[in-house]
Amino acid sequence: SDFETSPAAQLLATREARATAARDAKAAKRAAAAASSKGAAPKLVPKSVNFALQLVGMLRPVGFGNMQGFASYAMGPHSLLFGYSDDRDPNGGMEGDEMPLFRLQPKVTVDVDM
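### With respect to the overall build of the protein chain
Alright, step 1. What the protein chain contains, in helices and strands, is 1 helix and 4 strands.
Alright, step 2. Secondary structure of the protein chain in N-to-C order comes out as α-β-β-β-β.
Alright, step 3. Looking at the protein chain residue by residue over its 114 residues, the buried ones come to 12%.
Alright, step 4. In the structure as shown, the protein chain presents an accessible area of about 9300 Å², 60% of it carried by carbon and sulfur atoms.

Structure below.
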């Protein structure tokens, strides 16, 4: 029916979710107080370690920097980021190694919550 998608139904669902979260927070606070009275350290904030992978790619064909663009996509904590820039000048000022046409760089992120 149309009621599930109506603003009134969404408001009721939001109120219910807030009430549930408040009850859970009070229960966690009571449990932490009980554990503290027994000599244990309070644990109100859960500890966690999360790992994420980000893949970054850059395509740089020969040109003078007239066209550039970037696109990104996130899948939860993981993400992809690709860029394009035609700024690789064959007669440019880079000494030594030639700039690669395509570069792919993986990144690993570690998020520690204490």
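Additional details are given in the paragraphs that follow.
### Side note on the pattern of salt bridges
Alright, step 1. Taken as a whole and judged by the stated rule, the model has 1 salt bridge.
Alright, step 2. Between aspartate 87 and arginine 60 there is a salt bridge whose closest N-O contact spans 2.7 Å. Note that aspartate 87 is positioned in the loop between strand 3 (78-85) and strand 4 (102-113) and arginine 60 in the loop between strand 1 (48-59) and strand 2 (68-75), a separation of 27 residues in sequence.

Rules behind the numbers
Residues numbered from 1 in each chain as written. Predicted model: local features only at pLDDT ≥ 70, side-chain atom pairs only at ≥ 80, totals over all residues. Heavy atoms only, no water. Helix = DSSP H or I, 4+ residues; strand = E, 2+ residues; numbered from the N terminus. Buried < 20%, exposed > 50% of the residue type's maximum accessible area, 1.4 Å probe, protein only. Areas by Shrake-Rupley, 256 points an atom, 1.4 Å probe, with all protein chains shown as cover. Salt bridge = Lys/Arg side-chain N within 4 Å of Asp/Glu carboxyl O.

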